[in-house]
Each structure stands twice: as C-alpha cells, then as structure tokens.
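Results of the structural survey
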Amino acid sequence: MKAMGWAHSFRMSEGVRAGREWTRERLDSLPWAAVEPDTVDAVVLAVSELITNAHIHAHSDAHLVLTWDGDCLHVSVHDEDPTLPRQRDPEPGEVSGRGVSIVRQLADEWGVSCQRHGKTVTACFRPADPDGTGAGASR
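Quick summary incoming for the structure in this document. (Residues numbered from 1 in each chain as written. Predicted model: local features only at pLDDT ≥ 70, side-chain atom pairs only at ≥ 80, totals over all residues. Heavy atoms only, no water.)

Here's the deal with the sheet that holds strand β1 (residues 4–10)
On the basis of which strands lie adjacent, the open sheet formed by five strands has the order β1-β2-β3-β5-β4 and antiparallel pairing. Of all strands in the sheet, those bounded by a partner on one side alone are β1 and β4 (109–115). In this sheet, neighbouring strand axes are inclined to one another by 15 degrees on average, regardless of whether the strands run parallel or antiparallel. Taken together, the seven bridges between strand β3 (residues 73–79) and strand β5 (residues 118–125) define a ladder with antiparallel strand orientation. Of the residues in β5, the one forming a bridge with Leu 73 is Phe 125. (Pairing = 2+ DSSP bridges. Helix = DSSP H or I, 4+ residues; strand = E, 2+ residues; numbered from the N terminus. Axes fitted to C-alpha atoms, helices over the stretch in contact; angles between N-to-C directions.)

Now the structure itself:
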C-alpha cells in the first residue's frame, strides 16, 4: 500500500470543531475506521487537543497533516511558537493543562520537532486491524 495523506490549515478564527469534523471525514476513507470506532475517536480527540494547544498556547493557526502508511496514522500539528509543550499537573477543576497528557495516553507514540518557525507535534496511532477485516480487536 502506498502512503496516503491529507493536509489542512485551521485558522484561529475557525475553532477546533472544524478540525475534528475535517479529521473524522478523512478517517472515514481508511479501511479500519468502520471496525475501530475507538481508534477513530482517539485520533479525533488528539487532533482536538493539538489544535487547541496551537490556538490557545501558541496563539497560532494550526497546520494539520494526517498520513496513513499502512501501519500507523501519523497526526502532525504545526504551530508558529517554538516553545515545546510540557506536561502540566493541573489542579482539580482547572479547565486547562491536560492536553499533552491526553495525547500521550491516546497515542502509541508521540514527539515534538522544532523548526525555524515553530514546532510540530506528531502522534502515531496504530489500529489493531489496519486492513479493516474485523479480525483485530478494538482499542
């Protein structure tokens, strides 16, 4: 299988909902999406957290790239702030500070790379049934 991918930029004015909806639409075309709804939901939640971080913490548009290579769905979000994300320990009741922890828990792998103009956070999601045959277990 050849790799396939999609890219889209989400302006701060668009909000995070547009990113979730766009991602879900793209995932629907992958062979495993119908048999692994939990994996799809995990990807969409991670996208939501990463776009939120770009908008809220980096004060930047979010440039999202999804790449499926037959084994892993790579979710990459680039923003214009070179400051690395850090895991926080929010107090109960705080409405912010859990994004990095959520992405770390959901993804099979994740990492950050710095560029001249910002950073890219990438998370990898490996479906149990990448061919969509129904033979694998759900997340």
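Notes on the state of the cysteines
Cysteine pairs can be covalently joined through their sulfur atoms, and such a bond is termed a disulfide. Following the criterion strictly, the structure yields one disulfide and no others. Residue Cys 72 pairs covalently with Cys 124 via a disulfide, S to S 1.8 Å. Of the two residues, Cys 72 is situated in the loop between β2 (62–68) and β3 and Cys 124 in strand β5; the sequence distance between them amounts to 52 residues. Since its relative accessible area comes to 1%, Cys 72 is described here as buried. (Disulfide = S-S within 2.5 Å. Buried < 20%, exposed > 50% of the residue type's maximum accessible area, 1.4 Å probe, protein only.)

Digging into the nonpolar core
Judged by nonpolar contacts, the single largest core of 30 residues is most densely connected at Leu 27, Leu 64, Leu 73, Val 75 and Phe 125. At nine residues, the largest contribution of residues to this core is made by helix α2 (residues 37–56). Discounting residues that sit within four places of it in the chain, Val 75 has contacts with Val 43, Val 47, Leu 50, Leu 64, Val 65, Leu 66, Val 121, Thr 122, Ala 123 and Phe 125. (Core = buried A, V, L, I, M, F, W, Y, C linked by side-chain atoms within 4.5 Å. Contact = heavy atoms within 4.5 Å.)

As for the pairing of β4
As defined by bridge partners, β4 adjoins β5 across seven bridges and the pair is classed as antiparallel. Among the inter-strand pairings, Cys 114 is bridged to a residue of β5, identified as Lys 119. Counting the residues between successive antiparallel strands, the hairpin from β4 to β5 contains two residues.

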